[in-house]
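# Notes for the structure review
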Amino acid sequence: MSLLSNATVLLGKELRTEFRSRELLTTTVVFILMVVVLFSFTFDPTREESRRFGPGLLWLAFLFAASLMLQPGFLREQTNDTLSALRLSVSDPFAIFLSKLCANTLFLLITELLMLPIFAVLYNVPLLGVVPQLALVLFLGSLGLSVTGTTLSAISAQARMRELLLPLLLLPLLTPLLIASTEATAALFAEEPVLRWDWLAFLIAFDIIFLTAVWLFGEYLLEE
Amino acid sequence: MTQAETRRIGLRFENIDKRYGGLYALRRVSLEIAPGECVALAGRNGSGKTTLLRVAAQLVRPSAGKLTFSPAQTETGPAVTNTGFVAHATMVYDELTAEENLLLFARLLEITEPAKRVDLLLRDVGLLDRRDSLVRTFSRGMRQRVAIARALLHQPSVLLLDEPGAGLDPQGLSWLAETLWRLHGAGATILMSLHGESEISGLATRGIRLDAGAVVADTRTGASLRSILTFASA
């Protein structure tokens, strides 16, 4: 119970600081908006092309957004050595990771939800009929992005060249997740939308494996 | 602030080494700190004082050797040692108010009636009227007061202080010395590195001098202790 209560308290802190400054959300939303708009202007895709290339473009944009958004998670804790204060205060260090994971997933989902209507209009892709299914794919994909990104953010925060390290580690590691999310989204964008359970199962497995690994070895990530 | 009798805890460092690459921050440090003892650490910059304190706080894992607490712990991890740590950095969030910071850590430490405890500490450190101000608007001394209040939230049995008087004005230093006297009187074990804080150094009953990560002097009495304390206060 200590783990959950500590994680809840820390999640409250994450939300309070972000909604007070809006640094991460504003930056990421503006960035992802530029990516989607610029792709739209550059390629000027037809409806058919949007169905084919849209899912890949969308998930690449989410991936770039995640690499931008996840970087400061643990970096901020270095500024005043607050990570040490947290480690001295929680009974299970996994609570620190869990709260950051929940906050990052939430921020990523907010960004995605703000972006989807703009994407639908710019690329002429009707999404209204597949909202629940798309929400499920977005959630599983975003959770995978956040688990991996938060873990690597903890690792890279203590390294030199930390700003470069996170994207360098994140992009190759997330390739399987990117493929699965894109395929699952493409199936929903098709003329006859279908929920591909094989890709969903892959996403669920990816999330569970990474979460379990972090739960088992996360304590070492936070050590100096 | 009233101080209840604190559980007495001692520390034992056995042949502790800490290496960063090829550099030894600590070299074969063996020390026994008795429960309730107040120890001042002295030494030049880079002599290993901060590393020793971080090892004692279990924030840094030694490369070799062992740290044990007496009475022996049944669990491991920083929280169960009931340690309060004041570091060089303030260890509080600039984007939160003084009250929000203290409430956050009080809740994490599962203190009963956190709001009451936070009120008491804010009054004690003289920041009650600035409780709703963001820490980033504070002066260095005010931040240090919040940092000290955070470390004292759970009335720790072991206090690890890394230049705790940094940034404090004379009134702040007097308050800190008085608070440490009270905690020491209640049985808290104190290990502190000092730099120019003569008022606080008077508390120390033992002085340890480090050089290049090794203990070069360790004394409880006489001219040697005064010499170490003078070095610490210089």
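Just so it is clear, the structure is predicted and the values come from calculations on it, not from any experiment.

Quick notes on the rules
Residues numbered from 1 in each chain as written. Chains lettered and ligands numbered in written order. Predicted model: local features only at pLDDT ≥ 70, side-chain atom pairs only at ≥ 80, totals over all residues. Domains from an automatic or database assignment. Contact = placed C-beta atoms within 7 Å. Nonpolar A, V, L, I, M, F, W, Y, C, P; charged D, E, K, R; others polar. Helix = DSSP H or I, 4+ residues; strand = E, 2+ residues; numbered from the N terminus. Buried ≥ 20, exposed ≤ 12 C-beta atoms within 10 Å, placed from the backbone. Pairing = 2+ DSSP bridges.

### Some thoughts on the domain arrangement of chain B
Residue and element names in this part refer to chain B.
- On domain assignment, one finds that chain B holds domain 1 (1-82 + 156-234) and domain 2 (93-155).
- Between domain 1 and domain 2, the residue contacts involve 14 residues of the former and 10 residues of the latter.
- Here the residues of the side of domain 1 that touches domain 2 are counted per class, giving 8 nonpolar, 5 polar and 1 charged.

### With respect to the environment of B:Q155
- Of note, B:Q155 is situated in the loop between α4 (140-152) and β6 (158-162).
- When the C-alpha positions of B:Q155 and B:V118 are compared, they lie 12 Å apart, and in sequence the two are 37 residues distant.

### Some remarks on the interface of chain A and chain B
- Contact with chain A, which involves 18 residues of that partner, is made by 23 residues of chain B.
- Sorting the residues of the side of chain A that touches chain B by element identifies α1 (2-21) and α5 (82-89) of chain A as the ones contributing at least two each.
- Each residue belonging to the side of chain A that touches chain B can be placed in one class, and the counts come to 4 nonpolar, 8 polar and 6 charged.

### Here we look at the pairing of strand β8 (residues 206-211) of chain B
All names here are of chain B.
- For β8, the buried fraction is high: 5 of the 6 residues fall into the buried class.
- Across 4 bridges, the pairing between strand β3 (residues 38-42) and β8 is parallel. From the neighbouring strand, V39 faces β8, where its bridge partner is R206.
- Both β8 and strand β9 (residues 214-219) contribute to a ladder of 5 bridges, which runs antiparallel. Residue pairing across strands places R209 opposite A217, the latter belonging to β9.
- What sits between β8 and β9 in their antiparallel hairpin is a turn of 2 residues, with A212 showing a positive phi close to 50 degrees.

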